[in-house]
Each structure stands twice: as C-alpha cells, then as structure tokens.
Amino acid sequence: MCIHHVHCKIFWHKDLDCLVFLAQSDTTVGLLSKDFKKLNFIKQRKIDQKVLIEVASLKILKSHTRVPSCFKSYVRRAKKTSFIYPNNKALRVVKDEMHLRFLKPFLWMYSTSANKTKERFDLSWAREVSDVEVLDCRGLKEARASKIYKLSNTKIKKVR
C-alpha cells in the first residue's frame, strides 16, 4: 500500500483552514481547501461561485444536505459521481482509498480541478498556487472529471 508524501512550502501553519492542497483526487488532480473563496480567487472566477464539496462519508454528507428518498441508494452506490442537491450544494462522497486517507482528517473540503478556468492542466502552475502538495504512488495526473447529476425531489438530470 502506498504512503502519502507531503511536500510543503510551509512547515508549520496554525490554521489549516486557509491552506490550499494539491492532490490526486479520486477523479483527477485537484486543488482542495476549506476556503472556497480562496479556490475561486486562484482560478480567477467570481469569488462567490459555488464549489464542489468532497466528503469522507455518507454520514458527513447528511450534515451538508438531505438526499431525496428516491435517490438514496443511487447516491450510496455511486462512484466518481458528484450530485447537485435540491439545496443547490454540489457534493461527492469519496470512495477511493488513497484519496480518502488524505480527506478523512478534514471530514470534508472544497475541491476544484487544478487548472486555470477553461484551460488544460499545468503542473507548474498548480504547484505555484498551492501551499501543500500531497503525493501518493499514483503521482499527479490529469484524468476524467466526475460525472455530475442534478437531483430534485423526484427527478434526476445529467449535467456532465
């Protein structure tokens, strides 16, 4: 089993909530933080734009939103799939073991792809804008983004 290697520009920081992590997520290379405004600023988007939330378990998902009854089993079984819930929050339950080992201590984090808006992945740019680089045996590689579905109380619609 792989071990996480963490490369830091910062050796000590009393407030982990404002750090931006560069990590291989369950889908693609991502920037993760507890501060969504910082992620939006880095990607040069509107500061108040909504950002996907990755959660470490279904129990934590329940603290962020209510899953409509008719989609509970679908959400529970889904892998590499994000859902926009009726409260307009976008969340994904992480099931990948390696990424989960990083995410679990935080319980949840905002996540976005590690590229400038509308551009391809650039490792040097991603390293420049992140505070901490988290590496496992997979390294950092661009891959397919998660599927996204929008849920209402009775309907499901594919977004991506």
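It should be noted that the structure appears before, not after, this text.
These numbers come from a predicted model, not from an experiment. (Residues numbered from 1 in each chain as written. Predicted model: local features only at pLDDT ≥ 70, side-chain atom pairs only at ≥ 80, totals over all residues. Heavy atoms only, no water.)

1. Structural notes on unusual backbone geometry
Outside of glycine, negative phi angles account for most residues, and trans bonds account for most peptide bonds.
Now for step 1: Backbone geometry places K80, a non-glycine residue, at a positive phi of 55°.
Now for step 2: Structurally, K80 is set in the loop between α3 (72–77) and β5 (81–84).
Now for step 3: The backbone of N88 sits at a positive phi, close to 65°, despite the residue not being glycine.
Now for step 4: Mapping N88 onto the fold places it in the loop between β5 and β6 (90–93).
Now for step 5: On the basis of relative accessibility, which here comes to 40%, the residue N88 falls in the partly exposed class. (Helix = DSSP H or I, 4+ residues; strand = E, 2+ residues; numbered from the N terminus. Buried < 20%, exposed > 50% of the residue type's maximum accessible area, 1.4 Å probe, protein only.)

2. Digging into the nonpolar core
Now for step 1: By size, the foremost hydrophobic cluster in this structure holds 40 residues, and its most contacted members are F21, L31, L61 and Y85.
Now for step 2: Beyond its immediate stretch of four places on either side in the chain, L61 contacts V55, V67, V75, Y85, L91 and V93. (Core = buried A, V, L, I, M, F, W, Y, C linked by side-chain atoms within 4.5 Å. Contact = heavy atoms within 4.5 Å.)

3. Focus on the pattern of salt bridges
Now for step 1: Scanning the model with the defined rule gives 7 salt bridges in all.
Now for step 2: When the shortest N-O distance is used, the salt bridge between E142 and R120 registers 3.2 Å. Highlighted residues: E142 in the loop between β8 (132–135) and β9 (147–151) and R120 in the loop between β7 (108–113) and α5 (123–129), separated in sequence by 22 residues.
Now for step 3: For the salt bridge of R138 with D136, the shortest nitrogen-to-oxygen distance reads 2.7 Å.
Now for step 4: Judged by relative accessible area, D136 falls into the buried class, the value being 9%.
Now for step 5: Residues participating in the shared-partner salt-bridge network are D26, E54 and R92. (Salt bridge = Lys/Arg side-chain N within 4 Å of Asp/Glu carboxyl O.)

4. Things to note about the packing of aromatic side chains
Now for step 1: Summed over all chains, the structure comprises 9 aromatic pairs.
Now for step 2: Ring geometry for F21 against F102: centres 5.3 Å apart, planes inclined by 65°, an arrangement best described as edge-to-face. Taken together, the residues F21 in strand β2 (residues 21–24) and F102 in helix α4 (residues 97–103) connect sequence positions 81 residues apart.
Now for step 3: According to the relative accessible area criterion, F21 is buried, its value standing at 5%.
Now for step 4: By relative accessible area, which is 9% here, F102 ends up buried.
Now for step 5: Relative to Y110, the ring of F36 lies with its centre 5.3 Å away and its plane at 55°, an arrangement referred to as tilted. Linking F36 in helix α1 (residues 36–42) with Y110 in strand β7, this pair joins segments that are 74 residues apart in sequence.
Now for step 6: Owing to a relative accessible area of 23%, F36 belongs among the partly exposed residues under this scheme.
Now for step 7: Judged by relative accessible area, Y110 falls into the buried class, the value being 15%. (Phe/Tyr/Trp six-rings, centres within 6.5 Å; stacked < 30°, edge-to-face > 60°.)

5. Focus on the environment of T65
Now for step 1: The residue T65 is located in the loop between α2 (58–64) and α3 in this model.
Now for step 2: The exposure class assigned to T65 is buried, which follows from its relative accessible area of 8%.
Now for step 3: Sequence-distant contacts of T65, that is, excluding residues within four places in its chain, are made with Y85, N87 and L91.
Now for step 4: Side-chain polar atoms of T65 contact the side chain of N87, separated by 3.3 Å. (Polar contact = N/O pair within 3.5 Å; in protein donor to acceptor, adjacent residues only side chain to side chain.)

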